[in-house]
Amino acid sequence: MAALMNGFGSLQCKAMVHVEKGHMQASGMAFFSPVNRCAQVHISRFCSIPHFIGAKSVSASQLRMRHKVGSIRASAASCLQDDTTKYFDFVVIGSGVAGLRYALEVSKYGSVAIITKAEPHESNTNYAQGGVSAVLCPSDSVESHMQDTIVAGAYLCDEETVRVVCTEGPERVKELIAMGASFDHGEDGRLHLAREGGHSHNRIVHSADMTGREIERALLQAVDNDDNISLFGHHFAIDLLTCQSNGEIYCYGVDSLDAETQKAIRFISKVTLLASGGVGHIYPSTTNPPVATGDGIAMSHRAQAVISNMEFVQFHPTALSDEGLPIKPATRRENAFLITEAVRGDGGILYNQSMERFMTSYDDRAELAPRDVVARSIDDQLKKRGEKYVLLDISHKPREKVLAHFPNIAAECLRHGLDITQQPIPVVPAAHYMCGGVRAGLQGETNVKGLYVAGEVACTGLHGANRLASNSLLEALVFARRAVQPSIDHMVDADVDPSFAKKWARPVLSVSLRDSILSDIIEKTKQARMELQSIMWEYVGIVRSTNRLKHAEWKISDLESEWVEFLFRRGWKPTMVGVETCEMRNLFCCAKLVVKSALARHESRGLHFTEDFPYLEESKRKPTVIFPTHIQELTWSSKPLQKQLQCK
């Protein structure tokens, strides 16, 4: 299941990997060589797709582009379409920067549905404070950005991917500006470029400390003005619609749960882009919004997609510690408030509670060291001193500069009685970013035909063992754009029959249960969620060991078994769905993937530090890969809701 393998590169291949005894042995390929093998797949879900109608009008040039596609006759479409089945050329799962940017491009060639589990703006993008890293200064270079990325990634990055992203990044930023995104400028009228930990140059394009919010605003406005895009809020993605044919898996859309109408809505599409974000809520404290429950990674795993590098969970070193605030929040936050990397980039200094500066004792780069180094250093200080937070001080900088650069942080702290221009900020590490995910090629393609990935849900090879600050929005922009042409090509060649949509059983809505039973299940699920988060923090946190990881594996397995047994004892069915329970099965699935990957890596590299293998080893410089296999033990969280079907 979890194995170490060299290389990333292209996933466009015909040959199949032979999975022996449930796992793949480490390959002997050179580190940066492309992957020339795909995963053997056996378990799948759903079948076939339609020749589609475009939902809205398209130009003559777009029609010429789609001349091979054809359309469903209007009369046939009206017979097949109902309020629970929707047909689109492209379905995008997620409304962050990756999903929105991709949708705006492919909408030129067909109808697009964006489905998102909450309000459209509620995504990790919206909470990104720092900015977008790009080479936009004459004194900077692509080679320098590449080197910084590879060093931060502990030399596990795929060099070709890094070159592509660093080279294409500046153009992607210019496109955002052309679309109306507003970034900060200096007195000379040029873009103000900030610097963050791990960067050798000032190259962070930003909008104060609310960059993600500004990018999200501009993209959502553009989407709202695009007649070929339909946006479906409060639609929870349940499972990808896939089938098996000639040893390969094909994706034809997704089943979703409309949380407002409590209906199961099926989206049939020729192409699916997964841009659903990360897995922060497998931990009790995370900077991620509540929607980040690993749905995309779990769905992809159930759909037999290859998963990679799940052990590399980035803990942001500086989340606001509510315990250290003069006025405590009245209620527990759903997600920790992020104190951006740019505070340290702007000269912020870390102290313990005795006001002793400590980063110089851990790394020559001090506060500008990469995030994994800073997070482990803070963790060490807290454990040695028995304290619950450290202090980040920016008060020695001019007041007007601090307020101009960090207005959102200043306002949040002042709301709780702390003036950051006069006092240090109490901070503590929190789960932040998943460097692993669904394994993607250079065009966002996966081993599942018709399924593309972009953003945090994807593992492209850019981040390696640790993400360089502000490379996440950059990666999302680049890969969202790179996935466009292969998606169009796939759409044009796709052969689909909409009548297949009626052949598959629908998910069963949990509202069919009695209210008292449903309340018990939801309460039990909340308890299981907190227990899982506690296990992950205690045993699979910043510093790990083989013994603790094995304990986590056992505890998670027991907890999941107990939870599932409770559900089914209370009348739950294998195909039943509800938002809370579906999120919980995804959290279980992702937590197990993280633990399996962590156990497979017998070294300390980047974000994965284990006491049993405390040193970095050159021979272990390979991605961790979890291949799909029918041999592994399947639980309710790791198998799709529907029975296996063959494509006809």
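This text follows the structure it describes.
About the cut-offs
- Residues numbered from 1 in each chain as written.
- Predicted model: local features only at pLDDT ≥ 70, side-chain atom pairs only at ≥ 80, totals over all residues.
- Heavy atoms only, no water.
- Helix = DSSP H or I, 4+ residues; strand = E, 2+ residues; numbered from the N terminus.
- Buried < 20%, exposed > 50% of the residue type's maximum accessible area, 1.4 Å probe, protein only.
- Contact = heavy atoms within 4.5 Å.
- Areas by Shrake-Rupley, 256 points an atom, 1.4 Å probe, with all protein chains shown as cover.
- Salt bridge = Lys/Arg side-chain N within 4 Å of Asp/Glu carboxyl O.
- 1 Å grid on protein atoms, 1.4 Å probe; cavity = no way out; pocket = protein on both sides within 12 Å on 5 of 7 lines; lining within 4 Å.
- Points joined across faces, edges and corners; volume = space filled by probe spheres on them.
- Nonpolar A, V, L, I, M, F, W, Y, C, P; charged D, E, K, R; others polar.
- Pairing = 2+ DSSP bridges.
- Axes fitted to C-alpha atoms, helices over the stretch in contact; angles between N-to-C directions.
- Left-handed = near helix turned anticlockwise from the far one by under 90°.
- Phe/Tyr/Trp six-rings, centres within 6.5 Å; stacked < 30°, edge-to-face > 60°.
- Lys NZ or Arg CZ within 6 Å of the ring centre and 35° of its normal.
- Core = buried A, V, L, I, M, F, W, Y, C linked by side-chain atoms within 4.5 Å.
- Parallel < 35°, antiparallel > 145°, perpendicular 65-115°, else oblique.
- Disulfide = S-S within 2.5 Å.

**Notes on the overall build of the chain**
Thought 1: Along the backbone of the chain there are 17 helices and 23 strands.
Thought 2: Expressed as a percentage of the 648 residues in the chain, the buried residues total 64%.
Thought 3: Of the contacts formed within the chain by residues at least 6 apart in sequence, a portion of 76% connects residues at least 24 apart.
Thought 4: Accessible surface for the chain amounts to roughly 23,600 Å². Of this, 50% is attributable to carbon and sulfur atoms.

**So, the pattern of salt bridges**
Thought 1: Taken as a whole and judged by the stated rule, the model has 43 salt bridges.
Thought 2: Between Arg 605 and Glu 603 there is a salt bridge, with the nearest N and O atoms lying 2.6 Å from each other.
Thought 3: Judged by relative accessible area, which is 1%, Arg 605 ranks as buried.
Thought 4: Taken together, the salt bridges that share partners define one network made up of Arg 101, Glu 105, Lys 108, Glu 168, Arg 172, Glu 175, Arg 481 and Arg 482.

**Topic: unusual backbone geometry**
Thought 1: Phi at Tyr 155 takes a positive value of approximately 65°, unusual for a residue other than glycine.
Thought 2: What makes Tyr 155 partly exposed here is its relative accessible area of 42%.

**Describing the layout of surface pockets**
Thought 1: What the second largest pocket holds in volume is close to 740 Å³.
Thought 2: At three residues, the largest contribution of residues to the lining of the second largest pocket is made by helix 10 (residues 371-385).
Thought 3: For the lining of the second largest pocket, the residue count by class is 10 nonpolar, six polar and 11 charged.

**Let's talk about the sheet that holds strand 5 (residues 193-194)**
Thought 1: As summarised here, the arrangement of the three strands in space is 4-6-5, forming an open sheet in which the pairing is antiparallel. The outermost strands of the open sheet, each flanked by one partner alone, are strand 4 (132-133) and strand 5.
Thought 2: Strand direction decides the pairing type here: strand 4 and strand 6 (residues 204-205), joined by two bridges, are antiparallel. Looking at strand 6, one finds that Val 132 is bridged to Val 205.

**Points about the packing of helix 3 (residues 97-106) against helix 7 (residues 211-224)**
Thought 1: Helix 7 packs onto helix 3 with a crossing angle of 30° between their chain directions and a minimal axis gap of 10 Å. Helix 3 and helix 7 meet at a crossing whose hand is left-handed. Counting all contacts with helix 3, which are made through Val 97, Leu 100, Arg 101 and Leu 104, the residues of helix 7 involved are Ile 215, Glu 216, Leu 219, Leu 220, Ala 222 and Val 223.
Thought 2: For the contact of helix 3 with helix 7, the residue count by class is eight nonpolar, no polar and two charged.

**A word on the packing of aromatic side chains**
Thought 1: Inspection of the entire model under this criterion finds 13 aromatic pairs.
Thought 2: For the pair Phe 358 and Tyr 362, a centre-to-centre distance of 6.3 Å together with 90° between the ring planes defines the contact as edge-to-face.
Thought 3: Judged by its relative accessible area of 3%, Phe 358 falls in the buried class.
Thought 4: Taking the relative accessible area as the measure of exposure, Tyr 362 reaches 29% and is therefore partly exposed.
Thought 5: An angle of 90° between the planes, with centres 6.1 Å apart, marks the rings of Phe 568 and Trp 636 as edge-to-face. You can see Phe 568 sitting in helix 16 (residues 546-569) and its partner Trp 636 sitting in the segment after strand 23 (624-626), a full 68 residues away along the chain.
Thought 6: A residue is classified by how much of its surface remains accessible, and Phe 568, at 31% relative accessible area, is partly exposed.
Thought 7: Clustering of aromatic rings is evident, with ring pairs tying together Trp 563, Phe 568, Trp 572, Phe 588 and Trp 636.
Thought 8: Positioned over the ring face of Phe 566 is Lys 524, at 5.6 Å from the centre of the ring.

**Observations regarding the sheet that holds strand 13 (residues 349-351)**
Thought 1: The strand order 12-15-14-13 describes an open sheet built from four strands, whose pairing is antiparallel. For this open sheet the edge positions go to strand 12 (313-320) and strand 13, each flanked by a neighbour on one side alone. Between one strand axis and the next, the sheet turns by 45° as a mean value, whatever way the strands run.
Thought 2: Where strand 13 meets strand 14 (residues 390-393), three bridges bridge the pair, whose relative direction is antiparallel. Each residue of the ladder has a partner; that of Leu 350, found in strand 14, is Leu 392.

**Describing the nonpolar core**
Thought 1: If you look at the biggest cluster of nonpolar residues, it comprises 78 residues, and the most contacted ones within it are Ile 297 and Met 536.
Thought 2: Examining the composition of this core, we find that 12 residues originate from one element, helix 17 (residues 579-600), more than from any other.
Thought 3: The residues contacting Ile 297, other than those within four sequence positions of it, are Val 279, Ile 307, Met 310, Met 434, Gly 436, Gly 437, Val 438, Val 457, Cys 590 and Leu 593.
Thought 4: Judged by nonpolar contacts, the second largest core, of 52 residues, contains Val 97, Val 173, Leu 193 and Val 492.

**What about the packing of helix 5 (residues 142-152) against helix 6 (residues 159-178)?**
Thought 1: At a minimum axis separation of 9 Å, helix 5 and helix 6 run at an interaxial angle of 130°. If you check the angle between helix 5 and helix 6, you find them oblique. Relative to helix 6, the crossing made by helix 5 is right-handed. Contacts between helix 5 and helix 6 involve Val 142, Glu 143, His 145, Met 146, Thr 149 and Ile 150 from the former and Glu 159, Val 162, Arg 163, Cys 166 and Thr 167 from the latter.

**Topic: the state of the cysteines**
Thought 1: The tally for this structure, following the rule as stated, stands at zero disulfides.
Thought 2: The cysteine Cys 589 is free of any disulfide, with Cys 590 supplying the nearest cysteine sulfur at 5.5 Å.
Thought 3: Residue classification places Cys 590 among the buried residues on the basis of a relative accessible area of 0%.

Such coordinate-based values are descriptive only and should not be taken to indicate function.
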